Amino acid sequence: ADVRVLLPPLRRDLEVRARDRAPEERDFLTCVVRLSEEKEPARFVRLVERLAKKGAFDEGLIPVLVTGRAELDGRAELVERFLATHPSAQAFPFQTPDGLAALYARTRLNVHPPRYDAFGMSIVEAAAFGAPTVFPP
């Protein structure tokens, strides 16, 4: 049988970096999302809060939220709540292609919070770097 593998569409700048990546320690639980209602970022924050109560971040797993600069500069209430979940929690502004490559290379698990998304680019980007994505309950 003839087998063809169809790769998901990926921005060319990330595709090149994904092919050239060096293996790194995967210690990030990552969520790359705008803090808008339709993207449901609160679902990620609730997940991190539950995991922190169970000690999930006490052995080196680091929760990471990547969102818009304005949300970080203004320290939106949701960002503050996220950073309070655990001392290791980190929040970053949206990244350049090199920054995204470094982020996804360290991602053990990517979280995509919205129940509906027309495309879900962060899922494709994470997969290009070998990081699986989950959808929180």
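Residues numbered from 1 in each chain as written. Predicted model: local features only at pLDDT ≥ 70, side-chain atom pairs only at ≥ 80, totals over all residues. Heavy atoms only, no water.

A.B. asks: Honestly, the overall build of the protein chain in this entry has me stumped. Any pointers?
C.D. replies: Looking only at helices and strands, one finds 6 helices and 5 strands in the protein chain. Moving toward the C terminus, one meets the helices and strands of the protein chain in the order α-β-α-β-α-α-β-α-β-α-β. Per-residue burial for the protein chain yields a buried fraction of 42% across its 137 residues. Of the contacts made within the protein chain by residues no fewer than 6 positions apart, 74% connect residues no fewer than 24 positions apart. Counting every atom, the protein chain has about 7900 Å² of accessible surface; 55% of that belongs to carbon and sulfur. (Helix = DSSP H or I, 4+ residues; strand = E, 2+ residues; numbered from the N terminus. Buried < 20%, exposed > 50% of the residue type's maximum accessible area, 1.4 Å probe, protein only. Contact = heavy atoms within 4.5 Å. Areas by Shrake-Rupley, 256 points an atom, 1.4 Å probe, with all protein chains shown as cover.)

A.B. asks: How should I be thinking about the layout of surface pockets in this particular structure?
C.D. replies: A water-sized probe, rolled over the atoms, reveals where empty space remains. Space inside the largest pocket adds up to approximately 280 Å³. Per-element accounting of the lining of the largest pocket gives the leading share, 3 residues, to helix α6 (residues 121-128). For the lining of the largest pocket, a count of residues per class yields 5 nonpolar, 4 polar and 5 charged. (1 Å grid on protein atoms, 1.4 Å probe; cavity = no way out; pocket = protein on both sides within 12 Å on 5 of 7 lines; lining within 4 Å. Points joined across faces, edges and corners; volume = space filled by probe spheres on them. Nonpolar A, V, L, I, M, F, W, Y, C, P; charged D, E, K, R; others polar.)

A.B. asks: Would you mind showing me how to read the nonpolar core here?
C.D. replies: Ranked by internal contacts, the top residues of the largest apolar core, which has 17 residues, are Leu29, Phe44, Val48, Phe57, Leu65 and Phe82. Among the elements that line this core, the one with the most residues is helix α2 (residues 41-53), at 5 residues. Phe28, Val64, Leu100 and Ala131 belong to the second largest nonpolar core, which has 12 residues in total. (Core = buried A, V, L, I, M, F, W, Y, C linked by side-chain atoms within 4.5 Å.)

A.B. asks: Sorry, what's going on with the sheet that holds strand β5 (residues 133-134) here?
C.D. replies: The strands that make up a sheet pair up through hydrogen bonds in the backbone, lying either parallel or antiparallel. Read from one edge of the open sheet, 5 strands run β3-β2-β1-β4-β5, paired in parallel fashion. With partners counted over all chains shown, the strands left at the sheet margins are β3 (90-93) and β5, one partner each. As defined by bridge partners, strand β1 (residues 28-32) adjoins strand β4 (residues 107-111) across 3 bridges and the pair is classed as parallel. By the bridge assignment for β4, Thr30 is matched with Asn110. (Pairing = 2+ DSSP bridges.)

A.B. asks: Looking at this model, I keep getting lost on the pairing of β1. Mind explaining?
C.D. replies: Two faces, one strand: in a regular strand the side chains alternate between the faces of the sheet. Burial of β1 is extensive: 5 of the 5 residues sit out of reach of the surface. Every second residue of β1 is oriented toward a common face, with Phe28, Thr30 and Val32 on one face and Leu29 and Cys31 on the other, all of them buried. Both β1 and strand β2 (residues 62-67) contribute to a ladder of 5 bridges, which runs parallel. The residue of β2 that forms the bridge with Thr30 is Val64. Note that the unit made of β1, α2 and β2 has a crossover that is right-handed. (Right-handed = clockwise from strand over helix to strand, strands pointing away.)

A.B. asks: Just to check I follow, could you spell out the confidence of the model for the protein chain for this structure?
C.D. replies: Do not read the fine detail of predicted coordinates wherever pLDDT is low. This prediction gives the protein chain a mean pLDDT of 84; 80% of its residues lie at or above 70. No element of the protein chain has a lower mean pLDDT than helix α1 (residues 12-19), which averages 60, and none a higher one than β1, which averages 96. (pLDDT = per-residue confidence, 0-100.)

A.B. asks: Hey, could you run me through the side chain of Thr133 in this one?
C.D. replies: Relative to the helices and strands, Thr133 resides in strand β5. Among the polar contacts made by the side chain of Thr133, one reaches the side chain of Asn110 at a distance of 3.0 Å. Discounting residues that sit within four places of it in the chain, Thr133 has contacts with Asn110, His112, Ile123 and Ala126. (Polar contact = N/O pair within 3.5 Å; in protein donor to acceptor, adjacent residues only side chain to side chain.)

A.B. asks: Could you clarify how one ought to interpret the environment of Leu29 in this entry?
C.D. replies: Mapped onto the secondary structure, Leu29 falls in strand β1. Looking at Leu29, the relative accessible area reads 4%, which means it is buried. Considered as a pair, Leu29 and Leu61 are 32 residues apart in the sequence and their alpha carbons are 6.8 Å apart. Those residues within four positions of Leu29 in sequence are excluded, and the remaining contacts are Phe44, Val48, Leu51, Phe57, Leu61, Ile62, Pro63, Val64, Leu109 and Val111.

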